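A look at the structure
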Amino acid sequence: MTTNNSNTNTIILLTGSNTGIGYATAQALLTAPLPSRPVTIILTSRTLDKAVKASQDLKDDQAFLDAWNGGCQVVPKQLDIDDEASVKALHKDLKEQFGRVDVLVNNAGAHYDFQVASGKMTTREAFIGSFTTNVVSTHLLTESFMDLLFSSDSPRLIFLSSGLSSLGDHSNPHVPVNHSPPAGWPKQPIFQTPTYRTSKTAMNMMILEWCRTLKNDNVKIHILDPGFLSTTLGGAQPDVLKEKGAKDPIEGGRFIRSIIEGERDGDQGKLIGSEGIIPW
C-alpha cells in the first residue's frame, strides 16, 4: 500500500536525521524556494520517539507551512544502521509504503575521539566503533537499499565524508587538527581526531568502490564534506566548536540540498565541499 503523493513526491531517506546536519538538511529541503517536485523526507533516528519528536517539530514550524501546503511530507522512522534487524525492518516498511527510494543520504556516522580524550573509551574501542559505523554499516545499509534506488527513475546516492579524510590536505596548516603537538610523550589528547578521520579515509575507498560498481547504471553518486559545523557529533559542544569557527548546521543542510537538486552533478565521484573539489 502506498501513501498519498508517493507517486509524485521525491522520496528522500535521511539516515541519522533527528539532529545535526541530517535535521538541518530536512529544514533546508522544506525552505522556500521549494523544490519543483514535492519531497517526502524519511526522517530517521536510532529511537522512534526521537524521530517522531523531530518530525513533529518540523510540522509545527510555521516557516514550513508552504512546504506542507505544497504536498511535502516528513515521515518518522526508526533506524540504527549498526543493527541489521533495524535496517531490514525499515527496508520492508519503505518497500511496502513507497516502493522506491529516490535519494539515499548516508549521513549517520560515528565520532569517538572526544570520548577517548575524556577517558570514556579506549583507542581500540574508538577505532572499531568508527570503522563499524562509518565504513561497514554504511556500506551494508547502502547495499540493502540498492533495490529501492534501482526502482527510482532518477536515483541519487549521497555519502557524507569529511575534509579531514583527505590525505592530500593532511599537511594543510589552516586545519587545526593538522597541527603537530609539542615534543615529548605521552601526547595530550586535545583537539585531535585520528580514529574519526582514519575511518572516513577508509570510507572514501568504500564509496569509490560503489562508484566503480555502479558506473554503468543510472545512479548519481556524490561524496561530500558538509563543512565544519557546530553539531553534537561525537559528544562535541556546539558552542565550543563555534568559537573554533564552526558554522551553523543549516549551512551544511543547504549544501546537501544543492547536491540533491543536481547543482554539482558534474563532480560525481569526487570529494567535494561547498568551495570546490577536495584532494584525496
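All values reported here derive from a predicted model rather than from experimental measurement. (Residues numbered from 1 in each chain as written. Predicted model: local features only at pLDDT ≥ 70, side-chain atom pairs only at ≥ 80, totals over all residues. Heavy atoms only, no water.)

Another point: the overall build of the chain. Looking only at helices and strands, the chain features ten helices and eight strands. In terms of its C-alpha atoms, the chain occupies a principal-axis envelope of roughly 65 × 45 × 35 Å. Burial statistics for the chain: of 280 residues in total, 48% are counted as buried. Looking at the chain alone, contacts between residues at least 24 apart form 74% of all its contacts between residues at least 6 apart. Roughly 13,800 Å² of accessible area belongs to the chain as shown, and the carbon and sulfur atoms make up 53% of that amount. On the chain, the mean spot of the 26 positive side-chain charges and the mean spot of the 30 negative ones are 3 Å from each other. (Helix = DSSP H or I, 4+ residues; strand = E, 2+ residues; numbered from the N terminus. Buried < 20%, exposed > 50% of the residue type's maximum accessible area, 1.4 Å probe, protein only. Contact = heavy atoms within 4.5 Å. Areas by Shrake-Rupley, 256 points an atom, 1.4 Å probe, with all protein chains shown as cover. Lys, Arg positive; Asp, Glu negative; His and termini not counted. Charge placed at Lys NZ, Arg CZ, Asp CG, Glu CD.)

So, about the pairing of strand 1 (residues 10-14). Of all five residues in strand 1, five are buried; the element is thus mostly enclosed. Residues Thr 10, Ile 12 and Leu 14 of strand 1 are buried on one face, and the alternating residues Ile 11 and Leu 13, pointing to the opposite face, are buried as well. With five bridges joining them, strand 1 and strand 2 (residues 39-45) adopt parallel strand pairing. Paired with Leu 13 across the strands is Ile 42, a residue of strand 2. Assessed by its sense of winding, the connection that carries the chain from strand 1 through helix 1 (residues 20-29) to strand 2 is right-handed. Pairing of strand 1 with strand 4 (residues 103-106), which is carried by three bridges, proceeds in the parallel orientation. If you follow Leu 13 over to strand 4, its bridge partner there is Leu 104. (Pairing = 2+ DSSP bridges. Right-handed = clockwise from strand over helix to strand, strands pointing away.)

Reading across the sheet, the eight strands line up as 3-2-1-4-5-6-7-8 and stay open at both edges, with mixed pairing between neighbours. Edge positions in the open sheet fall to strand 3 (73-78) and strand 8 (276-277), since each of these has one partner strand only.

A word on the environment of Val 175. With respect to the secondary-structure elements, Val 175 resides in the loop between strand 5 (156-160) and helix 8 (194-213). With twelve residues separating them in the primary sequence, Val 175 and Gly 163 have C-alpha atoms 9.7 Å apart. With near-sequence residues (within four places) excluded, Val 175 lies in contact with Leu 164 and Asp 169.

Now for helix 4 (residues 84-97). Helix length check: helix 4 (14 residues) gives 20 Å between terminal C-alpha atoms against 20 Å at 1.5 Å per residue, within 8%. For helix 4, the complete set of buried residues consists of Ser 86, Val 87, Leu 90, His 91, Leu 94 and Gln 97. Down the axis of helix 4, the buried side of the element spans an arc of 145°, and every buried residue falls inside it. The exposed residues of helix 4 that point more than 90 degrees off its buried face are Glu 84, Ala 85, Lys 88 and Lys 92. The inward-facing, buried residues of helix 4 contact strand 1, strand 2, strand 3, helix 6 (123-144) and helix 7 (146-150). (Expected span 1.5 Å × (residues − 1). Arc of directions from axis to C-beta.)

The biggest cluster of nonpolar side chains holds 32 residues, and the ones touching the most others in it are Leu 94, Phe 145 and Leu 157. Those elements that place two or more of their residues in this core are strand 1, helix 4, helix 6, helix 7, strand 5, helix 8 and strand 6 (220-224). For this core, the element with the most residues is helix 8, which contributes five residues. Contact partners of Phe 145, with chain neighbours within four places excluded, come to Leu 13, Val 87, Leu 90, His 91, Leu 94, Val 101 and Leu 104. One finds Val 39, Leu 58, Ala 67 and Trp 68 within the second-largest nonpolar core, a separate group that totals 28 residues. (Core = buried A, V, L, I, M, F, W, Y, C linked by side-chain atoms within 4.5 Å.)

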